[in-house]
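# Commentary on secondary and tertiary structure
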Amino acid sequence: MTFLLRLRVTLPVLAAMLMVILVVPSVDARLPRAKPYHAGRPITLDTNLLSTSGVPAWAIDEYLEAATPLPRLGAAFVDAEKKYGVNARFLLAAAMHESRWGRSYIAQAKHNLFGYNAYDRDPVRYASAYATFAANIADTARFIKDWYLTPGGRWWGGQPTLRSMQQFWSSSHTWGVNVSRIATSIQLDSIVGRKIVFAAPFVGGTPHPGERASVDLGWVGGAIPDGVEFAATWQPIALDSIDPTNASPAAPAPNAADASHATTVAARRVGTGTRRIALTVATPPAPGNYRLDLEMRDVGGRPLRATERVGIPSVEVRVWGDRAVSYDLEPRPDGDGVVVRITNTGRTTIPAALPEISPASRDLEAEVVRSFVAVTASSSDAADPAPVPLITSPLVADLLPGASVSLDVSGIEAMTGRTTNWLAVNLNVLGDSTWFAPYPNAGARFFDVGSVPQGEQGRSNQP
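Residues numbered from 1 in each chain as written. Predicted model: local features only at pLDDT ≥ 70, side-chain atom pairs only at ≥ 80, totals over all residues. Heavy atoms only, no water.

Next up on the list: the overall build of the protein. From N to C terminus, the protein includes 10 helices and 16 strands. In the protein, which comprises 463 residues, the proportion classed as buried is 43%. Long-range contacts, defined as pairs at least 24 residues apart, comprise 67% of the intrachain contacts of the protein with a sequence gap of at least 6. By element, 56% of the accessible surface of the protein is carried by carbon and sulfur atoms, the whole surface being about 24000 Å². (Helix = DSSP H or I, 4+ residues; strand = E, 2+ residues; numbered from the N terminus. Buried < 20%, exposed > 50% of the residue type's maximum accessible area, 1.4 Å probe, protein only. Contact = heavy atoms within 4.5 Å. Areas by Shrake-Rupley, 256 points an atom, 1.4 Å probe, with all protein chains shown as cover.)

Below, the structure written as structure tokens:
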């Protein structure tokens, strides 16, 4: 009885031990050590799969569009790499191998690109179903990392490599070889290889705070991928933060903005033409002068690798306040003066005069308060600072936002007795020096036409 009892106790223990032996995989100690992965290089049987691929999502999207019926999944592969550390190029190759380039029934019916849980005895029945391809990619990357590529994982074979994985992943012991071949054969394009050169962007209209500015971006070279996005950084140069109590007739320099207050926003791509892209960009909250920097980004706004970045020239942009004007001065064709154009670049109508008083209560002796433009000339000589009035002209009608009015100023040399003059243009609104507050009521300065070579006259803006 004692012998039989001991036998009954011992047999279950031996059976349990045998089961443990059967289910624990044996690690091949002869496996080569994992080799570092280099971006753009082949993935061999011994490449470390816990590595950064350097593959952009847009390039995976282009490959899938050209070679498979699958949707854009580049972001899902790149996100899985970032979250779990499993090389995205390997994940892509494994997905292509298991799903027959996305055409298998399991891939199409169950969003299962890796044959996850598709046991040999009935693959279609047992294969896991996912709501989306992205969910399948993320779940499989986690499973591979925890069970195959991590020491102590259920199917850890000794190294985080294809050679190690293929011991237990598939009943076919050539699985790793096939995935390696596919990973090496996949040709993913690069932006640098397209030799793209951008022109300086053009910002249209008169941008105001809190709006969206239209940006036109041209280039030469190869095509810009559809999936590539753009980001815009507004770097303050000088914000409009001048003290309105400053009564100086000269225009003081605006306060310098803190360079650390730069803001980066997404630049929405609204159109692509022949070598031209149309973008819209949210403007900064405060008026002033800014440097606009554009940057190419990967799908979802992800930064591109440093080696994939293409520089875009910066451009200075004026963001206008609600009450603002710009002045343009162009030489007259006869060379004896300038044409001054004043444009309302704000969002508020500039009144030409105070609202009329009803005839019953009108004071006939009262003067109508009007807005007027004054142009003066002065010398650069400090000993003769007094400006010479050239013209004073009232606004004949309200100046609507975006509207302009022009003045012809001639005979400057005759009125000043000088061949070289600085011109100043000022718009006085209803006699109120604070109407443009917090901006100074001062305008453009301009050399007399006779002293400046043709083509050097420029635009000067208010404030």
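What follows concerns unusual backbone geometry. Residue arginine 100 is not a glycine yet carries a positive backbone phi of 55°. Under the relative-accessibility criterion, arginine 100 is labelled exposed at 55%. The phi dihedral of leucine 430 falls on the positive side, at around 55°, and the residue is not glycine. Along the polypeptide, leucine 430 turns up in the loop between β14 (422-428) and β15 (445-447).

Let us look at the packing of aromatic side chains. Using the criterion set out here, one finds 10 aromatic pairs in the structure. Judged by centre distance (5.0 Å) and plane angle (80°), the rings of tyrosine 116 and phenylalanine 143 are edge-to-face. Of this pair, tyrosine 116 sits in the loop between α5 (105-110) and α6 (123-126) while phenylalanine 143 sits in helix α7 (residues 133-147), placing them 27 residues apart in sequence. Residue tyrosine 116 shares its accessibility class with phenylalanine 143, and that shared class is buried. Through pairs of rings, three or more aromatic residues link up here, namely Tyr116, Tyr130, Phe143, Trp147, Tyr148, Trp169 and Trp175. Seen from the ring of tryptophan 155, arginine 154 lies directly overhead, with NZ or CZ sitting 4.2 Å from the centre. The positively charged end of arginine 318 is found above the aromatic ring belonging to tryptophan 320, 5.0 Å away from the centroid. (Phe/Tyr/Trp six-rings, centres within 6.5 Å; stacked < 30°, edge-to-face > 60°. Lys NZ or Arg CZ within 6 Å of the ring centre and 35° of its normal.)

Quick look at the pattern of salt bridges now. Between side chains of opposite charge, a pair can form as their charged atoms come close. Evaluation of the coordinates by the stated rule reveals 13 salt bridges. Residue aspartate 328 pairs with arginine 341 through a salt bridge whose shortest N-O separation is 3.6 Å. Taken as a pair, aspartate 328 in strand β9 (residues 325-331) and arginine 341 in strand β10 (residues 337-344) lie far apart in primary sequence, 13 residues in all. One connected set of salt bridges, linked through shared partners, spans Glu62, Asp189 and Arg194. (Salt bridge = Lys/Arg side-chain N within 4 Å of Asp/Glu carboxyl O.)

This paragraph deals with α7. End to end, α7 covers 21 Å across 15 residues, agreeing with the expected 21 Å (1.5 Å per residue, within 8%). All of the buried residues along α7 are Phe133, Asn136, Ile137, Thr140, Ala141, Phe143 and Ile144. One face of α7 carries all of its buried residues, which in axial projection span an arc of 165°. Contact partners of the buried residues in α7: α3 (74-84), α4 (88-99), α5 and α8 (162-165). (Expected span 1.5 Å × (residues − 1). Arc of directions from axis to C-beta.)

It is worth spelling out the nonpolar core at this point. Grouped together as the largest cluster of nonpolar side chains are 77 residues, with contacts concentrated most on Phe77, Phe90, Phe198, Phe230 and Met296. Aside from chain neighbours lying at most four places away, what touches phenylalanine 230 is Phe198, Leu217, Ala266, Ala267, Arg269, Ile277, Leu279, Glu295, Met296, Arg297 and Ile312. Counting 24 residues, the second-largest nonpolar core is a separate cluster that includes Ile342, Val375, Val409 and Ile412. (Core = buried A, V, L, I, M, F, W, Y, C linked by side-chain atoms within 4.5 Å.)

A separate point is α4. Residue pairs spaced three or four apart in an α-helix point in one direction, given the helix's 3.6 residues per turn. The end-to-end C-alpha distance of α4 is 16 Å, a good match for the 16 Å that 12 residues give at a rise of 1.5 Å each. Counted residue by residue, α4 has 10 buried out of 12 residues, so it is predominantly covered. Where α4 is buried, its residues meet α2 (57-67), α3, α5, α7, α8 and α9 (175-185). Arginine 100 occupies a position one or two residues after α4 and carries a positive phi of about 55°.

Turning next to the side chain of glutamine 159. Relative to the helices and strands, glutamine 159 resides in the loop between α7 and α8. Relative accessible area serves as the criterion here: at 17%, glutamine 159 is assigned to the buried category. At a separation of 3.2 Å, a polar atom in the side chain of glutamine 159 contacts the main-chain amide nitrogen of alanine 34. Once residues within four sequence positions are removed from consideration, glutamine 159 is found in contact with Leu31, Pro32, Arg33, Ala34, Tyr148 and Ser164. (Polar contact = N/O pair within 3.5 Å; in protein donor to acceptor, adjacent residues only side chain to side chain.)

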